[in-house]
Amino acid sequence: MKAQMYNYSSYIEETNSNILYDFFMQKLNDAGFGVENVIEKHFKPQGYTALFLLSESHFAIHTFPEENKTYIELSSCVKEPFDKFIKSI
């Protein structure tokens, strides 16, 4: 079987780290991803980055509060949870 990666990236308007964490943790779990670990960094005076290590690859959040936007990116080697996640957001 040939290896394949599925990728999705987008900018969204939410920049609140608590809202982003809770929302995307729920969406990843609901889609069937195995969240193995999360690394978070809160920047001063503002900004937030989180990396969700998934059994199936990773999901990243990078906020740009000065521009009122957040960049999200999902990489997965498994199509089914990837598709479920994309449909849910």
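Look up a bit, the structure's there.
Report on the accompanying structure. (Residues numbered from 1 in each chain as written. Predicted model: local features only at pLDDT ≥ 70, side-chain atom pairs only at ≥ 80, totals over all residues. Heavy atoms only, no water.)

The tally for this structure, following the rule as stated, stands at 9 aromatic pairs. Ring centres of F24 and F85 lie 6.2 Å apart, and the angle between their planes is 35°; on these two criteria the pair is classed as tilted. Note that F24 is positioned in helix α1 (residues 17–31) and F85 in helix α2 (residues 79–88), a separation of 61 residues in sequence. No difference in accessibility class separates F24 from F85, as the two residues are buried. Through a chain of ring-to-ring contacts, three or more aromatic side chains come together here, namely Y21, F23, F24, F33, F52, F59 and F85. If you follow K69 out to its NZ or CZ, it ends over the ring of Y11, 4.4 Å from the centre. (Phe/Tyr/Trp six-rings, centres within 6.5 Å; stacked < 30°, edge-to-face > 60°. Helix = DSSP H or I, 4+ residues; strand = E, 2+ residues; numbered from the N terminus. Buried < 20%, exposed > 50% of the residue type's maximum accessible area, 1.4 Å probe, protein only. Lys NZ or Arg CZ within 6 Å of the ring centre and 35° of its normal.)

What follows deals with the packing of α1 against α2. As a packed pair, α1 and α2 sit with axes 8 Å apart at the nearest point and diverge in direction by 135°. When the axes of α1 and α2 are compared, the pair comes out oblique. Pair α1 / α2 crosses with right-handed handedness. Residues F24, K27, L28 and A31 of α1 lie in contact with α2, whose contacting residues are P81, K84, F85 and S88. Of the residues in the contact of α1 with α2, the class split is 5 nonpolar, 1 polar and 2 charged. (Axes fitted to C-alpha atoms, helices over the stretch in contact; angles between N-to-C directions. Parallel < 35°, antiparallel > 145°, perpendicular 65-115°, else oblique. Left-handed = near helix turned anticlockwise from the far one by under 90°. Contact = heavy atoms within 4.5 Å. Nonpolar A, V, L, I, M, F, W, Y, C, P; charged D, E, K, R; others polar.)

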